Amino acid sequence: MSSNIVRQDNKDTFFRGLFSQSEHFVDLYEECSGKRLNANEFKRIDINPNDRVFRVLKGTGLSNDVAQLTTDNRLIILTEHMTTPSPNMGQRDLIYYAALLHQWLISAGIELSQSSPANVPMPEFYVVYNGKRKYNERTLMFGNDFLQIKPKLVDINFDKIKNNKPNSSLAGYAYFYKHYDAERA
């Protein structure tokens, strides 16, 4: 296994561990959306690996990075961390959202065959990128005239975000990896 793969896995694992916690997620969410919410307005949600919808990814090694549900059940926010550009993030986001929505419907006791409309949490998709290559949002888009998934791409390299909120969890994460990568280069 190359050291580059180890570093990417470390970044991803650290990202998941830190930003799955609602008190740190608020910094990430503000950077991505421009909206400031309180930590008590989010709760972490995870895809059950045995979920029927999610089984399509079983054996691929793919899993969502950070998912939070607003406590008012208004939004499911999916945030994927990327160090290497992948044009398949839109497709992956769609699968993750479907699995989380399926689980939410079951836990809320909502059946889609009911005669009244089901108010479900709407998705927000973000891809945070701290790689070295140039990358743009257009390559993340997935869809056609019927359905379009357009994750918002946010560059979280330290040099890009250091002036936004220098004391945030996100700035600390970016600062750490800027120096970690430099030391390993």
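Keep in mind it's a predicted model, so treat the numbers as computed, not measured. Every chain begins its residue count from 1, and numbering advances along the sequence as written. With the structure being a predicted model, the display of local features is reserved for residues of pLDDT at least 70 and the display and counting of side-chain atom pairs for 80 or more, all residues being used for whole-chain, interface and lining totals. Side-chain numbers come from the whole structure's heavy atoms, not from hydrogens or water.

The score called pLDDT rates the predictor's confidence residue by residue, from a low of 0 to a high of 100. When the pLDDT values of the protein chain are averaged, the result is 83; 84% of them are 70 or greater. The contact rule is simple, with two residues in contact once any of their heavy atoms fall within 4.5 Å. Of the regions scoring below 50 in pLDDT, residues 1-6 engages in one contact with residues more than four places distant in sequence or in other chains.

Take a side-chain nitrogen of Lys or Arg and a carboxyl oxygen of Asp or Glu: if they are within 4 Å of each other, that pair is a salt bridge. Under the criterion given, the structure shown has eight salt bridges. Arg-36 is the salt-bridge partner of Asp-27, the closest N and O atoms lying 3.1 Å from each other. Between Asp-46 and Arg-44 there is a salt bridge, and its shortest N-O distance comes to 3.1 Å. A 1.4 Å probe rolled over the protein chains alone gives each residue an accessible area, and that area as a share of the maximum for its type sets the label: buried under 20%, exposed over 50%, partly exposed in between. We classify Asp-46 as partly exposed; its relative accessible area is 43%. Owing to a relative accessible area of 47%, Arg-44 belongs among the partly exposed residues under this scheme. Taken together, the salt bridges that share partners define one network made up of Asp-12, Arg-16 and Asp-65.

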